[in-house]
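This is what each chain is made of:
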Amino acid sequence: MAPVDVSHYSGRVTIDFSDALSFAVTITREAGELALKLRTDDALDTRMKNGAELVTAADLAIDQLIQDAIAQRFPGHRVVSEEAVTDLAAVADGSVWIMDPIDGTANYASGGPYFGIALALAIEGEVKVGVVHAPQLRETFTAIKGAGARLNGRAISVGPGNPLAHAVISTGFPHIRGDIAPLVTRVERLLANCRDIRRGSSPVIDICWVGCGRLDAHTETLFAWDVAAAGLVATEAGALRGNLGFVPANVPVDLAGEQVIFAHPRIYDELFKLLAAA
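Below or above, wherever it landed, is the structure these notes cover. (Residues numbered from 1 in each chain as written. Predicted model: local features only at pLDDT ≥ 70, side-chain atom pairs only at ≥ 80, totals over all residues. Heavy atoms only, no water.)

The subject of this paragraph is the overall build of the protein chain. In terms of helices and strands, the protein chain carries 7 helices and 16 strands. A separation of at least 24 residues holds for 63% of the contacts in the protein chain among residues at least 6 apart in sequence. Counting only carbon and sulfur atoms, one obtains 52% of the accessible surface of the protein chain, whose full area is about 12,000 Å². (Helix = DSSP H or I, 4+ residues; strand = E, 2+ residues; numbered from the N terminus. Contact = heavy atoms within 4.5 Å. Areas by Shrake-Rupley, 256 points an atom, 1.4 Å probe, with all protein chains shown as cover.)

The structure is reproduced here in structure tokens:
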């Protein structure tokens with residue numbers, strides 16, 4: 001792919017998205033090896049973030065590994081991470097990497113294979129490059145804006161899809177649970193109108209699975225680091241995306257995770273109306 005010329009705060013630069021993708025694949029795979037090593041070495045010091053969300057030593061180590069690699073390879077680029085939250089309004093300015101060091105930390109900490117490392121590059125708030133690497137599943141999803149999506153180097157698509165009544169849809173639950181009535185209503189509507197629901201506890205993988213046809217849709221309230229890389233993979237593979245809830249005007253659409261939906265085009269409109277009515 002030809003280099004794309006962009007302007008941002010550090011001056012006139014040329015970013016080769018193929019080169020950026022190669023970098024992201026290399027560093028997320030390195031991070032995956034580190035995650036598996038740390039778990040094998042039983043080095044998983046853990047704590048609770050915000051009193052409800054599990055964080056391990058591996059989350060922090062991978063965060064630092066990727067931050068250091070970006071600083072060396074792309075000096076001047078900023079980083080937004082789950083472990084270092086930044087005002088999303090500022091992401092719409094310049095070249096910004098958005099990452100989730102380990103998505104599915106509870107799965108990871110308990111020895112499960114369903115967890116992923118997500119890394120995306122956004123230019124002026126638009127995600128251009130995305131990688132989701134699932135080290136224990138040995139799967140790497142990649143995408144470049146306008147150039148399609150791939151799994152382990154092979155092109156993927158959402159496929160023919162299923163009607164809503166036969167659809168399998170994944171969802172997730174918030175770490176901090178106040179009023180659970182809307183959550184229960186959403187699950188009831190999905191169970192009543194779809195073939196089945198899944199809860200894998202790693203939305204970056206779930207969203208990519210929509211892109212390769214393993215799931216028909218995914219919906220829940222997420223954050224920028226959940227939807228940036230995975231969202232690009234899914235949409236480049238043919239999925240549609242939208243938000244049931246209000247998205248602030250200063251939050252880029254590609255990073256808006258509030259009540260987000262990623263779905264096969266065959267069921268997107270019907271699913272959106274079903275959930276919006278809740």
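Next comes the rest of the description.
This part takes up the pattern of salt bridges. It is possible for side chains of opposite charge to pair when their charged atoms get near one another. As enumerated under the stated definition, the model contains 5 salt bridges in all. The partner of Asp19 in a salt bridge is Arg73, and the shortest N-O contact between them spans 2.2 Å. On the criterion of sequence distance, the pair formed by Asp19 in helix H1 (residues 17-40) and Arg73 in helix H2 (residues 57-73) is long-range, its members being 54 residues apart. For Asp196, the salt bridge is made with Arg198, and the minimal N-O distance between the two is 2.8 Å. Judged by relative accessible area, which is 39%, Arg198 ranks as partly exposed. (Salt bridge = Lys/Arg side-chain N within 4 Å of Asp/Glu carboxyl O. Buried < 20%, exposed > 50% of the residue type's maximum accessible area, 1.4 Å probe, protein only.)

According to the stated counting rule, one finds 7 aromatic pairs in the structure shown. With centroids separated by 5.2 Å and ring planes inclined at 80°, the aromatic side chains of Phe23 and Phe74 adopt a geometry described as edge-to-face. Here the residue Phe23 occupies a position in helix H1, and Phe74 occupies one in the loop between H2 and strand S5 (78-81), the gap between them amounting to 51 residues. When its relative accessible area of 9% is taken as the criterion, Phe74 is described as buried. Centre to centre, the rings of Phe23 and Trp97 are 5.5 Å apart; their planes meet at 70°, and the pair counts as edge-to-face. Of this pair, Phe23 sits in helix H1 while Trp97 sits in strand S6 (residues 95-103); the two residues are 74 residues apart in sequence, bridging distant segments of the chain. (Phe/Tyr/Trp six-rings, centres within 6.5 Å; stacked < 30°, edge-to-face > 60°.)

Pairing is mixed in the open sheet, where 7 strands are placed in the order S5-S6-S7-S8-S9-S10-S11. Two strands in the sheet have a free side with no partner beyond their single neighbour: S5 and strand S11 (154-155). When strand S7 (residues 116-123) meets strand S8 (residues 126-134), the two strands line up antiparallel, connected through 7 bridges. Bridged to Ile117 within S8 is His133. Packed onto the sheet, H1 meets S6, S7, S8 and strand S9 (139-144) and runs at close to 30° relative to S8. Here helix H6 (residues 224-236) sits on the sheet in contact with S5, S6, S7, S8, S9 and strand S10 (149-151), set at roughly 95° to S8. (Pairing = 2+ DSSP bridges. Axes fitted to C-alpha atoms, helices over the stretch in contact; angles between N-to-C directions.)

What follows is about the nonpolar core. Ile98, Val132, Phe141 and Ile156 are the most contacted members of the largest nonpolar core, which has 40 residues in total. Only S6, S7, S8, S9, S10, helix H5 (203-211), H6 and strand S16 (260-263) provide two or more residues apiece to this core. Per-element tally for this core: the top contributor is H6, with 9 residues. In this view, Ile98 contacts Val80, Val91, Ala118, Leu119, Ala120, Ala122, Ala224, Trp225, Ala228 and Leu255; residues no more than four positions away in its chain are not counted. Residues Ile27, Ala31, Phe74 and Ile123 belong to the second largest nonpolar core, which totals 30 residues. (Core = buried A, V, L, I, M, F, W, Y, C linked by side-chain atoms within 4.5 Å.)

Another point: the packing of H1 against H2. Relative orientation of the contacting elements H1 and H2 amounts to 155°, with a least axis distance of 10 Å. One finds that H1 runs roughly antiparallel with respect to H2. In this structure, the crossing between H1 and H2 has a hand that is right-handed. Between H1 and H2, the residues in contact are Asp19, Phe23, Ile27, Glu30, Ala31, Leu34, Ala35 and Leu38 and Ala58, Ala61, Ile62, Leu65, Ile66, Ala69, Ile70 and Arg73, respectively. Taken together, the residues of the contact of H1 with H2 sort by class into 13 nonpolar, no polar and 3 charged. (Parallel < 35°, antiparallel > 145°, perpendicular 65-115°, else oblique. Left-handed = near helix turned anticlockwise from the far one by under 90°. Nonpolar A, V, L, I, M, F, W, Y, C, P; charged D, E, K, R; others polar.)

Turning next to the sheet that holds strand S15 (residues 240-243). In space, the 5 strands of this open sheet follow the order S13-S12-S14-S16-S15, with mixed pairing throughout. Looking at strand neighbours, the two that pair on one side only are strand S13 (196-198) and S15, the edges of this open sheet. Sheet twist, expressed as the average angle between the axes of neighbouring strands with direction ignored, equals 20°. Examined bridge by bridge, strand S14 (residues 217-220) and S16 share 4 bridges and lie antiparallel to one another. Each residue of the ladder has a partner; that of His218, found in S16, is Phe262.

With that settled, consider H6. Between its terminal C-alpha atoms H6 stretches 18 Å, which fits the 18 Å expected from 13 residues at 1.5 Å a residue. Ala230 marks where H6 bends most, by close to 35°. Most of H6 sits out of view: 11 of its 13 residues are buried. Where H6 is concerned, the buried positions are Ala224, Trp225, Asp226, Val227, Ala228, Ala229, Ala230, Gly231, Leu232, Val233 and Ala234. (Expected span 1.5 Å × (residues − 1). Bend = angle between axes of the 7 residues up to and from the residue.)

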